[in-house]
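Structural description and commentary
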Amino acid sequence: MALGMCFGVAVGSAIESLGIPMGFCLGMLIGLIIGANKDEIVNKQVAEKGYKIKAIEKNEGSNEYGITLVDNQGSERTVSISSGTMETELFNVGDIVFIDEDKDIEQAFDEDQR
């Protein structure tokens, strides 16, 4: 969405420089629409290749969380994340996530928001 917003600011500035009032607001609206569309496309791709959170369990001994992930083929995988990451990301059962290049899980979107 950030790229769409940058594009919107550029368009808005150009429209505003032509003397058209509210050009900046129009540009921001265009940027939001482009950004939201791009986010939806990315989220669909992640849902195809991503994982759904099946269970979240707190490991009291190590102050970490074990998150059980299920891919589209039904294969399960468990990953551990720190409590700090858990508090920041606010993962919930049913969320769609993906594993980035650093082997950390990143949230894509909430299942209820689709």
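Here, the structure is the one placed above.
A short tour of the structure in this document, coming up. By convention here, each chain's residues receive numbers from 1 onward along its written sequence. In view of the model being predicted, local features appear only for residues whose pLDDT reaches at least 70, and side-chain atom pairs are presented and counted only at 80 or more, with totals across whole chains, interfaces and linings using the full set of residues. As a rule here, side-chain values cover all heavy atoms of the structure and leave hydrogens and water aside.

Our focus in this paragraph is the overall build of the protein. Scanning the protein for helices and strands turns up 3 helices and 5 strands. Ordered by position from the N terminus, the helices and strands of the protein form the series α-α-β-β-β-α-β-β. Burial classes: relative accessible area under 20% of the type maximum marks a residue as buried, over 50% as exposed, and values in between as partly exposed (1.4 Å probe, protein chains only). Per-residue burial over the protein gives 29% buried out of 114 residues. At a minimum sequence separation of 6, the contacts of the protein that also span at least 24 residues come to 34%. Only the protein chains shown count as cover for residues, and all accessible areas are computed by the Shrake-Rupley method using a 1.4 Å probe. Only carbon and sulfur atoms are counted for the fraction: they give 55% of the accessible area of the protein, which is about 7,600 Å². Secondary structure is summarised from DSSP: a helix means a run of H or I of at least four residues, a strand means a run of E of at least two, and numbering begins at the N terminus for each. Only heavy atoms matter for contacts: two residues are in contact if any of them lie within 4.5 Å across the pair.

Relative to the helices and strands, Thr 68 is located in strand β2 (residues 64–70). A relative accessible area of 14% means that Thr 68 is categorised as buried. Residues within four places of Thr 68 in sequence aside, it is in contact with Lys 52, Ile 53, Lys 54, Ala 55, Glu 76, Arg 77 and Thr 78.

So, about the environment of Val 9. Within the element layout of this structure, Val 9 appears in helix α1 (residues 2–17). Note: C-alpha distance between Val 9 and Ile 30 (21 residues apart in sequence) is 9.0 Å.

With a phi close to 60 degrees, Asn 63 is a non-glycine residue in the positive phi region. Structurally, the position occupied by Asn 63 is in the loop between β1 (51–59) and β2.

On to a nonpolar patch on the surface, then. A surface patch of nonpolar side chains, about 290 Å² in accessible area, is lined by Leu 26, Leu 29 and Ile 33. With a relative accessible area of 47%, Leu 29 lands in the partly exposed category. Patch construction takes residues with relative accessible area above 30% that form no salt bridge. Like charges are linked within 9 Å, and nonpolar side chains (Val, Leu, Ile, Met, Phe, Trp, Tyr) are linked within 5 Å. Put simply, a salt bridge is a Lys or Arg side-chain nitrogen that is within 4 Å of an Asp or Glu carboxyl oxygen.

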